[in-house]
Amino acid sequence: MAKTLFSQYHKDAPGVLAVRLQKNYYNLIDCLCDCVDRLTQNDDTNEESSLYNSLCRHLVSGIREQIQYRQIILIPYLHELEEKQQSGHNCLNCPGKCQTNHAGQLHHLKAAHQHIKEILYRIQQITTPAQQDQYTNPASRTLANEVAQLDTTLTELFYIEEAILIPKIMELQSRINAATDAPA
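What you are looking at is a predicted structure, and each value in this text was computed from that prediction instead of being measured. Position labels on residues start from 1 in each chain and follow its written sequence. Per-residue local features are limited, in this predicted model, to residues with pLDDT of at least 70; the limit for side-chain atom pairs, both in listing and counting, is 80 or more; totals at the level of whole chains, interfaces and linings are taken over all residues. Each side-chain value is derived from all of the structure's non-hydrogen atoms; neither hydrogens nor water enter the calculation.

On to the confidence of the model for the protein, then. On a scale of 0 to 100, pLDDT captures the predictor's confidence in every residue. For the protein, per-residue confidence averages 82 on the pLDDT scale, and residues scoring 70 or more make up 83% of the total. Strands are runs of DSSP state E lasting at least 2 residues, helices are runs of H or I lasting at least 4, and numbering of each runs from the N terminus. The lowest-confidence element of the protein is helix α4 (residues 102–133), averaging 76 in pLDDT; the highest-confidence one is helix α2 (residues 14–40), averaging 93.

Spelled out as structure tokens, the structure:
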């Protein structure tokens, strides 16, 4: 969480930003998801805790999907954009009509952000009932704390991606004359 001041991310080149996000957020979120998974395996609690555990497992699955997208698709795309910009690539003159779906990449990232917003909303919805139980059940208290940490980390990541990463992608796309007419 916030190992680097948010203002410092603005100064990073896109490739450096990708590495920092991987190190400071994607890896951390993956670890938090592992922890939540382990904590939710104990379903021998009361019915309310069991429901909370089930909802947390479902949320972790959605979060992992979003993080995997970033690790497998987004980070390599960001490096590719940076390489194209550095090499003077111009998508308007690309002999193969540029095989990279630039508009689709940006559209998918924005859709992923919408999905993160939904996950954050659901985390907040399910955390409130668990807080009633957290004083009597140490396992529920630990799980609620881990979910709160996951919520905070996702919120920070969302802010950095929305405020810094997406504008950097759009700027790089503009520099190489990539078509970015993706729906918002």
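Okay, unusual backbone geometry next. Even without being glycine, asparagine 177 reaches a positive phi, approximately 60 degrees. Only protein chains enter the area calculation, which uses a 1.4 Å probe; residues under 20% of their type maximum are buried, those over 50% are exposed, and those in between are partly exposed. Classification of asparagine 177 by relative accessible area gives partly exposed; the value is 34%.

Turning next to the packing of α2 against helix α5 (residues 138–175). Working note: a packed helix pair is described by the angle between its axes plus the distance between those axes. Where α2 contacts α5, the axes come no closer than 10 Å and their chain directions differ by 155 degrees. Here α5 runs roughly antiparallel to α2, going by the angle between their axes. Two packed elements cross with a definite hand, and for α2 against α5 that hand is left-handed. The residue classification treats Ala, Val, Leu, Ile, Met, Phe, Trp, Tyr, Cys and Pro as nonpolar and Asp, Glu, Lys and Arg as charged. All others, Gly included, are polar. Here the contact of α2 with α5 is composed, by residue class, of 21 nonpolar, 4 polar and 4 charged. To define axes, lines are fitted to C-alpha atoms, for helices over the stretch in contact only, and angles between the resulting N-to-C directions are given on a 0 to 180 degree scale. Roughly parallel means an angle under 35 degrees; roughly antiparallel, over 145; roughly perpendicular, 65 to 115; everything else is oblique. By definition, turning the near helix anticlockwise from the far helix through less than a right angle yields a left-handed crossing, and turning it clockwise yields a right-handed one.

For the rest of this paragraph, the subject is the side chain of glutamine 105. Mapping glutamine 105 onto the fold places it in helix α4. Whether two residues are in contact is decided by their heavy atoms: any pair within 4.5 Å suffices. Leaving out residues up to four positions away in the same chain, glutamine 105 has contacts with Tyr69, Ile73 and Tyr77.

Position of glycine 15 relative to the elements: it lies in helix α2. Between the C-alpha atom of glycine 15 and that of leucine 81, which follows or precedes it by 66 residues, the distance is 9.2 Å. With sequence-adjacent residues up to four places away left out, glycine 15 is seen in contact with His79 and Glu82.

Here the focus is the packing of aromatic side chains. Two aromatic rings from Phe, Tyr or Trp, using only the six-membered ring of Trp, form a pair when their centres are within 6.5 Å; if the ring planes differ by under 30 degrees the pair is stacked, by over 60 it is edge-to-face, and anything between is tilted. According to the stated counting rule, one finds 0 aromatic pairs in the structure shown. In this structure, arginine 20 is placed above the aromatic ring of tyrosine 9, and the distance from its NZ or CZ to the ring centre is 5.8 Å. In this scheme, the term charge over a ring applies when either NZ of a lysine or CZ of an arginine sits within 6 Å of the ring centre and within 35 degrees of the ring normal.

To estimate how far a helix should reach, multiply one less than its number of residues by 1.5 Å. End to end, α2 covers 37 Å across 27 residues, agreeing with the expected 39 Å (1.5 Å per residue, within 8%). Along α2, the sharpest kink reaches roughly 40 degrees, centred on glutamine 22. The reported bend at a residue is simply the angle between two axes, fitted to the 7 residues ending at it and to the 7 residues beginning with it.

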